[in-house]
Each structure stands twice: as C-alpha cells, then as structure tokens.
Amino acid sequence: MNFEGLDPGLAEYAPSIHSTLDPVLDAHLNPSLLQNVELDPEGVALDALPVQESVHIMEGVYSELHSVVAEVGVPVTVSHFDLHEEMLWVGSHGGHATSFFGPALERYSSFQVNGSDDIRQIQSLENGILFLTKNNLKYMARGGLIIFDYLLDESEDMHSLLLTDSSTLLVGGLQNHILEIDLNTVQETQKYAVELPGVTIMRQTNRFFFCGHTSGKVSLRDLRSFKVEHEFDAFSGSLSDFDVHGNLLAACGFSSRLTGLACDRFLKVYDLRMMRAITPLQVHVDPAFLRFIPTYTSRLAIISQSGQCQFCEPTGLANPADIFHVNPVGPLLMTFDVSASKQALAFGDSEGCVHLWSDSPEPSFNPYSRETEFALPCLVDSLPPLDWSQDLLPLSLIPVPLTTDVLLSDWPAANSAPAPRRAPPVDAEILRTMKKVGFIGYAPNPRTRLRNQIPYRLKELDNEFDSSSQVTESLIGREEEPHLHMVSKKYRKVTIKYSKLGLEDFDFKHYNKTLFAGLEPHIPNAYCNCMIQVLYFLEPVRCLIQNHLCQKEFCLACELGFLFHMLDLSRGDPCQGSNFLRAFRTIPEASALGLILADSDEASGKGNLARLIQRWNRFILTQLHQDMQELEVPQAYRGVGGSFCSSGDSVIGQLFSCEMENCSLCRCGSETVRTSSTLLFTLSYPEDKTGKNYDFAQVLKRSICLEQNTQAWCDNCEKYQPTIQTRNIRHLPDILVINCEVNSSKEADFWRIQAEVAFKMAIKKYGGEISKNKEFALADRKELRSPEGLLLCSSIEELKNVWLPFSIRMKMTKNKGLDVCNWTDGDELSSLGAPSQWGLAKAEEERGVCVYDLMATVVHILDSRTGGSLVAHIKVGETYHQRKEGVTHQQWYLFNDFLIEPIDKHESVQFDMNWKVPAILYYVKRNLNSRYNLNIKNPIEASVLLAEASLARKQRKTHTTFIPLMLSEMPQVGDLVGLDAEFVTLNEEEAELRSDGTKSTIKPSQMSVARITCVRGQGPNEGIPFIDDYISTQEQVVDYLTQYSGIKPGDLDAKISSKHLTTLKSTYLKLRFLIDIGVKFVGHGLQKDFRVINLMVPKDQVLDTVYLFHMPRKRMISLRFLAWYFLDLKIQGETHDSIEDARTALQLYRKYLELSKNGTEPESFHKVLKGLYEKGRKMDWKVPEPESQTSPKNAAVFSSVLAL
C-alpha cells in the first residue's frame, strides 16, 4: 500500500507517542498472547480501548471472529495469510514479525526481522517466508531461522515484491528500476527500468504485470520483456491501492485539491479487454484498501482507514446498507488482507492489534493446507530411560549440570597421550618367501593367523603383472581412429558390447584382472565414475559415508554409502551407480550448475568434461558436507560455491575445509577483513610468456594466497573504489583438493612449457646433456640416481611431461604467512634422517610442518569425436589391498570406468597436453588415517522391516497384500526368503540394424524397479509375504510392461494409487538388512533383479532356480514352464504377479531338494533334467492350454521321473 496522503504522523513513528498504554488487556483477548511482552504499568487502561465483543457468526456474512495483540503500541504495517499452512503473518513498524496459527489466532512464532526498518511486504513460500524492508530482503524459516539475508543498496527504498514463479522474484520501490532476483542462487539477474517516482504496488495475471505508481498511474507490462504495453492515468494525486480480477481492474487513490490531496470516493474501474475506463464506482467510505473477493460474484471489498468496510459489485451501485464497521483499538487501520479461500479477512491497526473476520465459525485459510510442524514438548520433567546395551545411544541424552569445576573425565595432558594403533609386524615367513617385482613384494599366505583375522581367503596372484601391455580395446577402439594414434589403448573410452544375452557374455575380466570393482559407464551422467572411485579410496571418507544413514529420500551421502558397500563386496565384478545417479538427478542445485547432461549431449560430447568434473567435484564436497551437518537447518537455499558456514559441523568439513581470511584494502587506507571457508582451491596461473621456470609449489601458493585488484564498495568512501583484495589461510586442511582449471590453450601451454623446463633441469642436475636436436646423451645409462645414491627413476621416459610433484611441504609462518615447496624422499633423508615414514610425519608435525602426498589425479582424455573421457590415477592404500588381496602394500592404478590396471607411479603425473590434460588433484596429509576413527558400524537396524505407512492416499481403503514381520519373526542367518521384483522401462533400447540384417545394441533399455516382494521361506507362515512394496518414481515411465510386470499406469502415483507405495530407499534398506543378516534369497532370474535394484549379494546367499534347473550349454527355462512341469501349477496367465512368482520359486527349490536328495545325488537329478529338456523340446517350451494336456503328471515321461 502507498502511505502517501495518509495520516502524516505515521511517517515518522516514535515509540514515545504510545508510552501511555496500560498493561491491562481487554477481557475478550487471550492473555497468553502477550508472552514475554513488557508493558508500561503507569499508562491508561487498555480495557478503555474498544475491542468488539465476540458475536455469533452467521454463514455467508463477514463478522469479527477473533482479535489479538501482536505487539502492544507498535503499528501493524503488513498482514499476510500463509499460502501453504493455516497461519496468519503480521509485520510491525519496528521490524518484528509474528505468526498466528488457525482461526483461533494462537501465537506460533515471533522474531525480529530488522532492527530499524519496518516490514513492508510478506510473501510465503513452501520452505519459508520472505520479508521485505526498506533495503533488505530476508528469507526465514517459519520458526525464525535465517535461510538467506540479501542486502540491497543503501540508496534503495523498496515497497513491494512479486513472486513471478517458484524461483523468481521482482522487487520494486521508490527508484527508477525494478530488480529481478533468482531465489535459487540469491543473485540479481535483471534490472528493469521504470519511470520515477517508482513502483509501490505490483500484481500479475496471465497476460500482464501491473505496476502501481505513486503518481497515480497504473502501467501494464509484458510478462517477458517487461516493456510497457498500456498505461492508465487513474488519479491526479496518488495511488492508494488497486486489484485485478478477470477482465477488470479497480483502483482507489487521492485527487489533487486546492488544499492538498483528498481521498477520492470514486473507484476507477477499467475493462482489460477494451483497455479503457468504464463508469467509476461511487462508494460511501473513504477507500484506502480494496480487494476482489470472488466467491459467488466478483465482489469488491473497500476498506477505509477509520475501519469502515463496504462490499459492492464493480459494475453496479454501492449500497449504504452493505457497510460494516471494524472497531480498531487504535485510531487507524494500517493493513488488510484476504485469505486464499476467501473465507477470512485480516485487519491490522496502529496500536498493534490484529482483527480476524470470517463468514463461517470454522474458516479455513487455504483450500488445501499442509500440516504445521510444532515444537516438541520439553522433556526435562520426563527423561527417557537409557539403555546401556545400545552402542549407538547418544551420550547427549544424559543431563549434565553447568559447572565450573573440573570434570572427572577431563584428564590433564600430563596423564594422557595419544596411542594410535600401529600396524602389526610382518610375519617372518612372509619376509622369507617374498619375491620382489620393482618395489612391490609378493609372498604366499602362510596361514599362521586365525581365520577371522583375514577378511578374505588369499587368491593366487600372478607374480608379475606387465603394466605396459596394452589391453584389447573395446568396441570403440576396434574402429579406425587416426586422431587417437598417440593415445594408449588403456586410456581410450571403453564401452560395453551388448549381445542377445545382454551383459552375461561380456568379458569384464579382460579389462580388469584385479579384485577391485569398476563402474559401468552406460548410465546417464556416469562421467563422474572416476571421482566416485577417488572418494571411495579415501579411507576416512569411505568409513564416514558408510556410517551415515538419514531419513531423507534423496540423500547423496546415503546413496554413496550404499555404492561404497557394493564396491567393498565386489571381487572384481563391475558395479553401477544407478541409484546414486538417480538421486543426483533430483537435486535442484545439480541442475542449476549444469551438472546433469542430456543423453544427446553425453553421446555427442557437447559438454566440456574437464570443466564439468571440476564443478561436480566442488558440488559433491559441498553436498556431502551439508548432508553430514548435524544442525537441521533448512537446506533449500544454501549455496554450492566455495564458501559455506560452520564447516566444523561435519567430518567432511574437518577433512577438506580450510578457513580463509579475506582482506580488502581501499586506497583511502580503510581495511575490511572477513573470514570464510573453502573445500577446495583453484589454480591461478601467472601471466608470463617468457618461459620462466615455476615450481608447482609456487603456483599453488599463489593460488591459495591470492592477491588481486578489483572494484569494491568502501564504507569509508561510500562508493566503489579500486581495492587490493588478499586472501590468507588460517589452518591447513587434512586433504588438499585442487581444481587445475586447464580450460584453454593458454593454461595447457603453461603446463607444457613448465614440463619441458623441469625435464631439462632434471637431466642437467643428474649428469645428462641435451643437444640442440633434443637428443639425450647419458652415457647409455638407463637409471638416474641422486647424489645420495637414491634411485630416482629407471628410465628417461619417466621424466618426460612431468611437472607435478609427488609430495609438497606446507608450513604456516608466525606472521600468518604460508610456505610451500616441492618435497622429495631425498629431502626427507637429508633434512631429518628419519628412518620411517611414521617417525618423519610425527617429527614434521611437531615443527608445524605438513607434508602432503599425491593420492589421486583425474585427467581428461581428449577425443575430438566423442568429447573425450575422464580417467583417474589413484594410489590405493594398504588397507584396501589387505581386504581384497590379503597383501599389505601401496600401488598406483588406472581407473577407466570398468578398466582397472596397475601402473607405474610416474605415469600418474605425466601429462602429455596433446591428449592427457589434468583436471583434479588430491593431496593427503601423511599418516592421515591415524587421525580418524575408521570403524564401520552398520547403520541399518531391524526396525526397517517393521510396518510402515504407505505414500498412497487410497491404500488404507484396500486390502493389504502382505503381513509385516513381528519382532519374534526376525530372520536369522541361513533363513530362506522368496524374492521377486517387477520393473518398468524409463528409456527404450537404442539399436542399429547392420547391412547383413543383424541387430547391434548400442545402449540397453534403462529399467527401474517398480515392485519388490519377499515371502517367508519357513515357519508357520511360510509363503506369506512380509514385503510387497510398490516403488514410487518421479521419473517418466515410457513403458509399464504390464503384460510381464502386472504394473498398471497409476500404480506408482501416490495421488491415485491403491497399492502399498514406498520410496526406493525404504525398500532398499529392507533388502540390505536381509543381506547383511545372512539370509538366502530364493527366486527365478535373481541376477537381473539385483542388478536393476542395484544390490551386490554374495553368491552363497543366492539360490536361483533358473540355474538349479539348468544343464550346461542348454537354454534357460522359464518359471512358468518349470511350475507346470514339476508343481502342476498354471501361473503367469494374463500378467505376472510377484507374490505368485516368489512362492513358486520357493516351491521349486523345495522340489529341487527333494529330487536331488539335498544335493547328495547329482546323477539322479541329472536324469530328471534330461527328462525336463526332452519334454520342453516336444512342447516347444509352451505350457498347454486347459483344454489340452493339463499336467505332465499323467504322462509316461513324468512317471519314470517320479520312480527315481
């Protein structure tokens, strides 16, 4: 509302004017609403102020329902009905916001928004409330927590805001422009010019933006360009309020008179179809506010500041009988609002009272409101009992009094010392039988330890692995690619060649002879596979992620923990991150940063993979940090940049965060210092074209302690001035993450020049000579050694294209500076003489020095045809080798999706800029693992199997198809569980037809699990399902496969489904618990089921009937035929039913045990299988119809089988 022309005494409001109020409330007001409000005891009694008695509400007629005091004596400047919950928000002249719940106006929350300015407009969003003051836009949760605080220019005088869509906001005021703000990034995106004196009221329809000016005009602007399309000169003085409904625009305001401005009792009404004024509407009150209330007709509510309200039709005549009176406590009404349901009206007066009028005794503010969250009750008087047998019981439940005395657990430093667990000594038998290949030793397992001390049995390994041998290229590598002649085959993009059997006959072992798991690349947005491997091989990160579990449906930390668990269980078989990438695609920040590629962009290589993976690196660290934070603050509008708040709240923050001090120095001498935190650093390269030698440590220091000249605002000069901005580091992170930012030929040339200079210096340093034609003369020596006799490299080729050091040394100086230098093993021995890495790291830390070792490099392999690929070099630690291979050593590996190969360590730092460009570097502190708890406790508990509510609204009205497990029925190790799953298609298969008529699959169809059923395999309830979950999906389904899955359109929609609908994560946790507890799954074709569900199940826990009833080199037999042949059952008639299939698989397994005598008579069972295949060939593997042969039990073939 425009306040010009109103009571001038309100323009400069002073609290002293209202200091005569008495603390005595009217008897009709609720005294509990004045919580924590101090009143002046020497004022006039408040009961002298008129507050209307509560009256009987007559249906269809507005009358006062409740009155409540928001803030005594402070004018209410704005009121707003919440669009999502049953709440009324009011803002005061003192910058205080108060919310009231329900028609009874019970106080819900109250907090200060601004310390000096009044609140001018309120807008409710799904996750919080927007408050607009003079030059500040603040977004706060409904409980009062700040989500973001956007400061505008001090010269701004904002009056109105307009939410154009869910993430875009227009803000206008008394200046010559309107700002457009993106709520996702909290940044100004556009600035639209308007004529002075500015815009104070904004409305929107599906045709125009409507802007009300203090000059009395209303302009109609285009929705896209914001250009003026039409303009109505409504009033000669000023505009007070206007509203738009349908094809009508009604406005009220002030006209110019000889004595000044006077309230005009004629409402101006405009027809938006003809764009002209129609007959003005004369009213009997002085209009200050107006709103359309379109219930039965397009009524107008006209309100005066004195409290008079009149209803009339905009095209009719005003009747004095339609006037009713609002009795404000103060002299003036300051604000007016109408609820979305049109059932309630809210008025705020100048004495801080809020009046609620309604046309029904129990009004609803919104047609569909969600439930409001209330604060939990205080538990001080009723403390819960503590169960000391629970390992995960939080000790914070124990109430501890505040005391200044020393606690018993606070041991003095003299009596305590860190005692890290040292690695056990190597067995003497291993040392005696060890064979060395280079710097790696291999020895057979002497079996001298107990079985439970070795996770896996030692597998016989080849004593030698030729890392220089080229792996046979994949499908893309078999074609003629002249542009890849310089790229080694193991670095080329690998793809899976699909056949009729899908992936079953693809030889993954050809590409991976290790026991580590690769990742499949055919899933959308699988470009991040290499970074997933890097995070997995960071031991503290892996343990932290696998210990994490939360209730959020799409949590990247949870999904990453599930994927890491699969990588742990795999014995060389590739895994796929389909569930992780599915959750990744649902996060709005990922889409806003451009991290989600379309299938066409991924196939054509339009995206710059180097930039993409660096943005993904920054995003995943920030997202994991937010997921791990213990404080449950709203996450909707947190930034994903390098800066964030409270980095110490999560272990991710402790591992990666680095506190920075940013200093801005103006030329006037004014200095501003602020602190921030970052999770990674970006290399900044010097502007030097002379080919000067720079150590990597110099460039890294320059990038961390950045100094630049830029224009910035100076509070002292009160304008933008050239400033010198410097950044200093306060403490060093445990893991140093570096984005290389080699995004153009300029940075690539810098790397190339520095590598050439480093190569020449290395040759000269160790006795070599370089001739003019760049041939090297080293007196036929193949090895280079340092003056101390250390072997530096075994070949000259290992020095080429190397600029990156394996270790760097960083030290914080006393004057808050930073020293960085390259570090080698020779430097360590010459400076300290430390005999062991442990002793060296400890000695370095005592001197305040940190030595970082290179742990991983992510590189971009250039390919002009496909956009290239991303691979990672990772130094795999001892713990991983011990779990997988039973040996304790470190080794560098190349990870190229599902291709994994050990490499020499020098290959990880060699970057030929013609085809191999560095993107990301990971350096870790020495002895990092000893600083963190690396124990993994399975966070999945048995409670996941208990009964849970369905997401579907209609499910309660239907018959349930399963009975959840009771606590007494919890499965044990070795219990049988019948399992079946049904799927739907998200993306169709992509194939091409060759010239010879054969079909070649380019990309398989993308499936999503739609239903999962588990039935009891033993006990009195054998065969009864305990899980029958339909999986809700937010992705578009292209084919429900109803004939094969039984899933119909609508079954997966929570609004109309009558099934037991759950999230994929909820059902996934149930299956993970069953796997971890050690049950055995019985089903038909479980390999595909577990693959689509994205689960890794040990082979000894899978009993697949498709393989139990199978002869080598013969076809697989369908469940329908097996059920007919052995069980005399007709299943899968019209559609498939997962409960029926799971029960049938259990019965077939019982039949298998019966026929094979529990596996003790394989020869007799082989005869049974021969009879099965003979019968199948005769029947063409089709089950006969009822009118023909009903069962094979009456046939001679089956009688001979039973005789066995």
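Residues numbered from 1 in each chain as written. Predicted model: local features only at pLDDT ≥ 70, side-chain atom pairs only at ≥ 80, totals over all residues. Heavy atoms only, no water.

Caption draft 1: Quick peek at the confidence of the model for the protein. When pLDDT is averaged along the protein, the result is 80; 80% of the residues meet or exceed 70. Contacts for the low-pLDDT stretch residues 769-782, under 50 throughout, to residues beyond four places or in other chains number 23 contacts. Note that pLDDT drops below 50 for residues 829-835; the model gives that stretch eight contacts with residues more than four away or on any other chain. (pLDDT = per-residue confidence, 0-100. Contact = heavy atoms within 4.5 Å.)

Caption draft 2: Region of interest: the packing of helix 2 (residues 529-536) against helix 4 (residues 556-569). In the contact formed by helix 2 and helix 4, the axes pass within 11 Å of each other and the chain directions differ by 80°. It follows from the interaxial angle that helix 2 and helix 4 lie roughly perpendicular. Along the contact surface, helix 2 presents Ile532, Gln533, Leu535 and Tyr536, while helix 4 presents Leu560, Leu563, Phe564, Leu567 and Asp568. Of the residues assigned to the contact of helix 2 with helix 4, the class counts are seven nonpolar, one polar and one charged. (Axes fitted to C-alpha atoms, helices over the stretch in contact; angles between N-to-C directions. Helix = DSSP H or I, 4+ residues; strand = E, 2+ residues; numbered from the N terminus. Parallel < 35°, antiparallel > 145°, perpendicular 65-115°, else oblique. Nonpolar A, V, L, I, M, F, W, Y, C, P; charged D, E, K, R; others polar.)

Caption draft 3: Summary view of the packing of aromatic side chains. Throughout the structure, instances matching the rule amount to 51 aromatic pairs. Taking 5.7 Å as the distance between ring centres and 80° as the angle between the ring planes, the aromatic pair formed by Phe516 and Phe537 counts as edge-to-face. Of this pair, Phe516 sits in the loop between strand 32 (440-442) and helix 2 while Phe537 sits in the loop between helix 2 and helix 3 (539-546), and the two are 21 residues apart along the sequence. Comparing Phe516 with Phe537, the two get one shared label, buried. On the numbers, 4.8 Å between centres and 25° between planes, the contact of Phe562 with Tyr1068 is stacked. Of this pair, Phe562 sits in helix 4 while Tyr1068 sits in helix 16 (residues 1064-1077), and the two are 506 residues apart along the sequence. Each member of the pair, Phe562 together with Tyr1068, is buried. (Phe/Tyr/Trp six-rings, centres within 6.5 Å; stacked < 30°, edge-to-face > 60°. Buried < 20%, exposed > 50% of the residue type's maximum accessible area, 1.4 Å probe, protein only.)

Caption draft 4: Summary view of the sheet that holds strand 24 (residues 289-294). The strand order 24-25-26-27 describes an open sheet built from four strands, whose pairing is antiparallel. Edge positions in the sheet fall to strand 24 and strand 27 (323-325), since each has one partner strand and no second. Taking each pair of neighbouring strands and ignoring which way they run, the sheet shows an average axis angle of 25°. (Pairing = 2+ DSSP bridges.)

Caption draft 5: Spatial organisation of the environment of Thr690. Residue position: Thr690 is located in the loop between strand 35 (681-682) and helix 10 (696-704). In this structure, the C-alpha to C-alpha distance between Thr690 and Ile753, residues 63 residues apart in sequence, is 9.8 Å.

Caption draft 6: Structural view of the pattern of salt bridges. Enumeration according to the criterion identifies 36 salt bridges in this entry. The partner of Glu1035 in a salt bridge is Arg585, and the shortest N-O contact between them spans 2.8 Å. Of this pair, Glu1035 sits in the loop between strand 54 (1025-1031) and helix 15 (1042-1045) while Arg585 sits in helix 5 (residues 578-585); the two residues are 450 residues apart in sequence, bridging distant segments of the chain. By relative accessible area, which is 21% here, Arg585 ends up partly exposed. In this structure, Arg1011 and Asp1137 form a salt bridge, with 3.2 Å as the shortest nitrogen-oxygen distance. In this pair, Arg1011 is assigned in strand 53 (residues 1006-1016) and Asp1137 in the loop between helix 19 (1119-1127) and helix 20 (1138-1155), connecting sequence segments 126 residues apart. Since its relative accessible area comes to 4%, Arg1011 is described here as buried. Residue classification places Asp1137 among the partly exposed positions, given a relative accessible area of 28%. Among the charged side chains, a salt-bridge network with shared partners connects Asp82, Glu85, Arg142 and Arg370. (Salt bridge = Lys/Arg side-chain N within 4 Å of Asp/Glu carboxyl O.)

Caption draft 7: How the structure looks around a negative patch on the surface. Together, Asp153, Glu154, Asp715 and Glu718 line one region of the surface with negative charge. Relative to the assigned elements, Glu154 resides in the loop between strand 9 (146-151) and strand 10 (158-165). (Patch = residues over 30% accessible without salt bridge, like charges linked within 9 Å, V, L, I, M, F, W, Y side chains within 5 Å. Areas by Shrake-Rupley, 256 points an atom, 1.4 Å probe, with all protein chains shown as cover. Lys, Arg positive; Asp, Glu negative; His and termini not counted. Charge placed at Lys NZ, Arg CZ, Asp CG, Glu CD.)

Caption draft 8: Representation of unusual backbone geometry in the model. Backbone torsion omega between Leu196 and Pro197 reads 10°, so that peptide bond is classified as cis. Within the secondary structure layout, Pro197 lies in the loop between strand 13 (187-193) and strand 14 (199-204). A positive phi angle, near 55°, is found at Met275, a position not held by glycine. If you trace the backbone, Met275 turns up in the loop between strand 21 (266-271) and strand 22 (276-277). Its identity as a non-glycine residue notwithstanding, Asp897 has a phi of 55°, on the positive side. On the secondary structure map, Asp897 appears in the loop between strand 47 (891-896) and strand 48 (899-903).

Caption draft 9: Region of interest: the pairing of strand 20 (residues 260-263). Two elements, strand 19 (residues 248-257) and strand 20, share four bridges in a ladder whose sense is antiparallel. Looking across to strand 20, one finds that Phe254 is bridged to Cys263. In this antiparallel pair of consecutive strands, strand 19 and strand 20, the connection spans two residues.

Caption draft 10: Up close: the side chain of His889. Along the chain, the position of His889 falls in the loop between helix 14 (878-885) and strand 47. Every residue in contact with His889, bar those within four places of it in the chain, is listed here: Ile440, Val876, Gly877, Glu878 and His881.

Caption draft 11: Molecular detail of the nonpolar core. Ranked by internal contacts, the top residues of the largest apolar core, which has 102 residues, are Tyr527, Ile613, Trp616, Phe656 and Tyr922. Residue-level mapping places this core at the junction of two domains, with at least three residues from each of domain 1 (658-737) and domain 2 (963-1178). For Trp616, the residues in contact, after removing those within four places along its chain, are Tyr527, Cys528, Met531, Ile532, Phe580, Phe584 and Leu595. In this structure, Phe506, Tyr685, Val859 and Phe911 belong to the second largest nonpolar core, which totals 53 residues. (Core = buried A, V, L, I, M, F, W, Y, C linked by side-chain atoms within 4.5 Å. Domains from an automatic or database assignment.)

Caption draft 12: Expanded view of the packing of helix 4 against helix 16. Look at helix 4 against helix 16: their axes get within 12 Å of each other, and the N-to-C directions meet at 30°. The angle between helix 4 and helix 16 falls in the class roughly parallel. The crossing of helix 4 and helix 16 is left-handed. Only Lys1065, Tyr1068, Leu1069, Arg1072 and Asp1076 of helix 16 make contact with helix 4, whose side of the interface consists of Cys558, Glu559, Phe562, His565 and Met566. (Left-handed = near helix turned anticlockwise from the far one by under 90°.)

Caption draft 13: Quick peek at the UniProt feature "binding site: a divalent metal cation" (unreviewed entry) in the protein. Cross-referencing UniProt, the feature "binding site: a divalent metal cation" (unreviewed entry) maps to Asp980, Glu982, Asp1089 and Asp1141 in the present numbering. Spanning 162 residues, the named residues form one tight spatial group whose C-alpha atoms are at most 12.9 Å apart. You can see Glu982 is positioned in strand 50 (residues 976-987). Not counting chain neighbours up to four residues away, the residues in contact with Glu982 comprise Ser1008, Val1009, Ala1010, Arg1011, Tyr1044, Ser1045, Ile1047, His1136, Asp1137, Ser1138 and Asp1141. Mapped onto the elements of the fold, Asp1141 is located in helix 20. When near neighbours in sequence (up to four residues on either side) are disregarded, Asp1141 contacts Asp980, Glu982, Leu1119, Ile1131, Gln1132 and His1136. (UniProt positions renumbered as here; feature names shortened; annotations may be inferred.)

Caption draft 14: Molecular detail of the sheet that holds strand 16 (residues 217-222). Judged by pairing direction, the sheet is antiparallel, and its four strands sit side by side in the order 14-15-16-17 without closing on themselves. Edge strands, defined here as strands with exactly one partner in the open sheet, are strand 14 and strand 17 (228-233). Here the average twist between neighbouring strands, direction ignored, is 20°. Where strand 16 and strand 17 come together, five bridges link them in antiparallel fashion. Residue pairing in the sheet places Ser219 in a bridge with Glu231 of strand 17.

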